[in-house]
Amino acid sequence: MNGLDRRELISELLARRGDALVVTGLGSPSWDCFAAGDSAATFYLWGAMGLAVPTALGLALAQPERRVLCVTGDGEMMMGIGSLAVVAAQQPANLGILVLDNGHFGETGRQEGMTSARTDLAAMAAGAGIATTLTVSEPSEMAQLAALYDAPGPVFAVAKVALGDHPLTLPERDGATLSRRFRAGLGVA
Amino acid sequence: MAETGTGTITDAGTDWSDEVFAAMRARGIGTVATVPDGGLTRLLNLCAADNATRLVTLTTEEEGIGLLAGLWLGGKRGMLAMQSSGTGNCINALSLCATLKMPCLMLVTMRGQWGEFNPWQVPMGQGARAAMEAMGVICFDVDERPRIGETFAAAADLAFDSSVAVAVMIGQRAIGTKSFAK
Ligand SMILES: Cc1ncc(C[n+]2csc(CCOP(=O)(O)OP(=O)(O)O)c2C)c(N)n1
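Calculation criteria
Once a new chain begins, its residue numbering starts again from 1 and follows that chain's sequence as written. Here chains are named by letter from A upward and ligands by number from 1 upward, in the order in which they appear as written. This being a predicted model, a pLDDT of at least 70 is required before a residue's local features are given, and a value of 80 or more before pairs of side-chain atoms are given or counted; all residues contribute to the totals for chains, interfaces and linings. By convention in this description, side-chain values take in all heavy atoms of the structure and omit both hydrogens and water. A run of DSSP states H or I qualifies as a helix once it reaches four residues; a run of E qualifies as a strand once it reaches two. Both are numbered from the N-terminal end. Residue exposure (1.4 Å probe, protein chains only): buried if accessible area is under 20% of the type maximum, exposed if over 50%, otherwise partly exposed. Any two residues having at least one pair of non-hydrogen atoms within 4.5 Å are treated as being in contact. The accessible surface values rely on the Shrake-Rupley method and a 1.4 Å probe; as for residues, cover is taken only from the protein chains in view. Angles here are taken between N-to-C directions and fall from 0 to 180 degrees, while the axes themselves are lines fitted to C-alpha atoms, restricted in helices to the stretch in contact. Put simply, angles under 35 degrees are roughly parallel, angles over 145 are roughly antiparallel, angles from 65 to 115 are roughly perpendicular, and the rest are oblique. Take the far helix as the reference: if the near one is turned anticlockwise from it by less than a right angle, the crossing is left-handed, and if turned clockwise, right-handed. When two components associate, each loses some accessible surface as probed by a 1.4 Å sphere; the sum of these losses over both components is called the buried area. Any pair of N or O atoms that falls within 3.5 Å is considered a polar contact. Within protein, one atom must be able to donate a hydrogen and the other to accept it, and sequence-neighbouring residues count only if both atoms are side-chain atoms. Put simply, Ala, Val, Leu, Ile, Met, Phe, Trp, Tyr, Cys and Pro go in the nonpolar bin, Asp, Glu, Lys and Arg in the charged bin, and everything else, Gly too, in the polar bin. Proximity is defined per residue: any heavy atom of the residue falling within 4 Å of a molecule or strand makes that residue near it. We define the nonpolar core as a collection of buried residues of types Ala, Val, Leu, Ile, Met, Phe, Trp, Tyr and Cys that are connected through side-chain atoms lying within 4.5 Å of one another. We treat two strands as partners when DSSP finds at least two bridges between them. When a carboxyl oxygen of Asp or Glu lies within 4 Å of a side-chain nitrogen of Lys or Arg, that pair is called a salt bridge.

**Student:** So what exactly am I meant to see when it comes to the overall build of chain B here?
**Tutor:** Regarding its fold elements, chain B presents 8 helices and 9 strands. In chain B, which comprises 182 residues, the proportion classed as buried is 54%. A fraction of 76% describes how many contacts in chain B between residues 6 or more apart in sequence connect residues 24 or more apart. As displayed, chain B offers around 7,300 Å² of accessible surface, 53% of which is attributable to carbon and sulfur atoms.

The structure is reproduced here in structure tokens:
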């Protein structure tokens with residue numbers, strides 16, 4: 001399996017974000033989303049591994065009129081896997097979760113992760129109680145990712161992406177600055 | 001109040017839980033995230049029965065820190081209610097509070113101190129305050145029931161007005177010692 005190009009996928013997906021709010025999991029997903037174009041409506045995590053989904057869930061509950069998209073990695077998602085059950089219990093209709101699954105801990109030196117072997121993230125999400133789950137691994141399937149914006153949430157999608165080799169593109173890293181810029185953009189500061 | 005199969009907790013929560021709930025409501029705290037504890041039973045029941053309060057049951061307490069970050073990013077107030085053992089689960093997550101300089105209000109019911117029967121509760125119960133302080137959380141200890149409501153209210157104001165992480169740690173003496181007697 002070669003896998004999809006994560007930068008292309010993210011730049012296509014975010015080009016269609018409209019007024020969606022985006023929360024990114026630490027490391028590569030943050031760099032991908034920043035590379036696609038910076039926005040005050042994107043909140044980049046640089047740490048708090050395992051908390052991308054809980055953070056996006058809190059935001060989705062606070063802003064029910066806005067679509068919220070969480071973009072994270074398979075390693076990050078595995079660390080916070082229980083949070084999928086919390087999402088299922090809360091049923092946020094405005095939340096979409098996309099895992100860029102390269103089967104590895106790319107950011108830390110490409111160590112093999114669980115999804116390279118036996119673990120199926122979409123099945124875990126379904127087991128947690130998220131009704132709409134999908135996995136895309138071919139360019140021809142990428143249109144299905146529109147469900148992250150359009151289908152009643154919560155929606156959980158896995159994109160099988162290549163390990164790839166992309167330049168580091170680093171957003172602002174001061175959390176106080178990022179969070180205040182985000183809140184100001186929403187008009188809640 | 002009965003806790004099926006695990007013993008009982010003397011129902012000491014009646015006054016302070018109502019006061020905490022009222023203080024919460026008065027401050028617009030609309031979400032309570034929790035992994036339950038016996039000492040929180042009454043408060044959690046009050047939250048569950050209230051249409052204006054969303055109770056979010058977590059699988060592990062650190063999720064609550066992320067949830068509070070997301071709520072705050074979206075302009076809403078929440079709090080995390082947990083047993084002292086849960087503070088240990090939150091340690092790395094609390095980096096979020098320090099880095100974002102966000103308000104983070106936590107209500108902790110203590111175990112492992114006053115007359116504890118279960119030795120497994122003692123290490124984290126005794127280490128909870130040091131662990132929280134190591135991560136920059138301002139801790140208020142309270143073990144006199146009449147002071148819990150006002151302490152919680154002051155902690156909430158501190159957290160939201162000064163955008164800091166604050167934990168109210170309710171001593172086991174005030175909650176009542178869990179008895180495993182049948
Ligand atoms: C609690 C914690 N453990 C370990 C790390 C080190 N770390 C940084 S990113 C990362 C995993 C990245 O893997 P994944 O989410 O799959 O993203 P990828 O880079 O592969 O896209 C790890 C383990 C960390 N930041 N925090």
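**Student:** Looking at this model, I keep getting lost on the packing of helix α3 (residues 52-62) of chain A against helix α3 (residues 62-73) of chain B. Mind explaining?
**Tutor:** When two helices pack together, their arrangement is captured by the angle between the axes and the distance separating the axes. Contact geometry for α3(A) and α3(B): axes closest at 6 Å, N-to-C directions at 40°. Taken together, the axes of α3(A) and α3(B) lie oblique to each other. Taken as a pair, α3(A) and α3(B) cross one another with a handedness that is right-handed. Contacts between α3(A) and α3(B) pair P54(A), T55(A), L57(A), G58(A), L59(A), L61(A) and A62(A) from the former with E63(B), G66(B), L67(B), A69(B), G70(B), L71(B) and L73(B) from the latter.

**Student:** Sorry, what's going on with the interface of chain A and chain B here?
**Tutor:** The accessible area lost on association of the parts is a frequent measure of interface size. Taken together, the contact between chain A and chain B spans 26 residues of the former and 25 residues of the latter. For the pair chain A and chain B, the summed buried surface comes to about 2,000 Å²; carbon and sulfur atoms form 66% of the total. The interface formed by chain A and chain B includes 11 residue pairs in polar contact (both at pLDDT 80 or more). Looking at side-chain class alone, the side of chain A that touches chain B contains 16 nonpolar, 8 polar and 2 charged residues.

**Student:** Even after reading the chapter, I still don't get the site of the ligand, so can you show me in this structure?
**Tutor:** If you check the shell around the ligand, you find 16 residues, and the closest are S28(A), G75(A), E76(A), H104(A) and G106(A). With respect to the ligand, the chains having nearby residues are chains A and B. Here an oxygen atom of the ligand and a side-chain polar atom of R6(A) are 3.1 Å apart. One of the backbone N or O atoms of H104(A) is found 2.8 Å from an oxygen atom in the ligand. Protein contacts shield 76% of the accessible area of the ligand, which totals 590 Å² for the unbound molecule. Mapped by element, the contributors of at least two residues to the shell around the ligand are α4 (74-79) and β5 (104-105) of chain A. By residue number, the principal contributor to the shell around the ligand is α4(A), which donates 4 residues.

**Student:** I'm lost on the nonpolar core in this one. Help?
**Tutor:** If you look at soluble globular proteins, the nonpolar side chains tend to sit buried side by side. With 90 residues, the main nonpolar core has L98(A), L145(A), F156(A), I65(B) and M106(B) as its most contacted residues. Membership of the second largest hydrophobic core comes to 28 residues, among which are V32(B), L43(B), C47(B) and A81(B).

**Student:** Explain the sheet that holds strand β3 (residues 29-34) of chain B here, please?
**Tutor:** Strand pairing in a sheet takes place through backbone hydrogen bonds and is either antiparallel or parallel in direction. Residues and elements named next belong to chain B. The strand order across the open sheet formed by 6 strands is β4-β3-β5-β6-β8-β7, and the pairing between neighbours is parallel. Each edge of the sheet is formed by a strand with only one pairing partner; in this case those strands are β4 (54-57) and β7 (138-142). Going across the sheet, the axis of each strand differs from the next one's by a mean of 20°, ignoring polarity. Inspection of the sheet shows strand β6 (residues 104-109) paired to strand β8 (residues 165-170) by 6 bridges, in the parallel sense. Paired with L105 across the strands is V166, a residue of β8.

**Student:** Is there a simple way to think about the sheet that holds strand β1 (residues 21-24) of chain A in this case?
**Tutor:** Residues and elements named next belong to chain A. Read from one edge of the open sheet, 6 strands run β2-β1-β3-β4-β8-β7, paired in parallel fashion. Edge positions in the sheet fall to β2 (42-44) and β7 (132-136), since each of these pairs with one other strand and no more. Sheet twist, expressed as the average angle between the axes of neighbouring strands with direction ignored, equals 15°. The sheet contact formed by β7 and strand β8 (residues 155-160) spans 5 bridges and is parallel. Of the residues in β8, the one forming a bridge with V136 is A159. Of the strands in this sheet, β1, β2, β3 (68-73) and β4 (95-101) are in contact with helix α2 (residues 28-35), which crosses β3 at around 130°.

**Student:** Is there a simple way to think about the pattern of salt bridges in this case?
**Tutor:** It is possible for side chains of opposite charge to pair when their charged atoms get near one another. As enumerated under the stated definition, the model contains 13 salt bridges over all chains in all. Here R42(B) makes a salt bridge to D18(B), at a shortest N to O gap of 2.7 Å. Taken together, the residues R42(B) in helix α2 (residues 41-49) and D18(B) in helix α1 (residues 14-26) connect sequence positions 24 residues apart. Exposure remark for R42(B): the relative accessible area of 29% places this residue in the partly exposed category. R129(B) is the salt-bridge partner of E133(B), the closest N and O atoms lying 2.9 Å from each other. In this pair, E133(B) and R129(B) are both assigned in helix α6 (residues 122-134), 4 residues apart and thus about one turn of the helix distant. Ionic contacts of the salt-bridge type, sharing partners, join the residues R6(A), R7(A) and D32(A) into one network.

**Student:** For this particular structure, what's the right way to read the pairing of β6(B)?
**Tutor:** As a general feature of sheets, a regular strand has side chains that alternate between the two faces. The buried count for β6(B) comes to 6 of 6 residues, which makes it a mostly enclosed element. Side-chain alternation along β6(B) places C104(B), M106(B) and V108(B) on one buried face and L105(B), L107(B) and T109(B) on a second face that is also buried.

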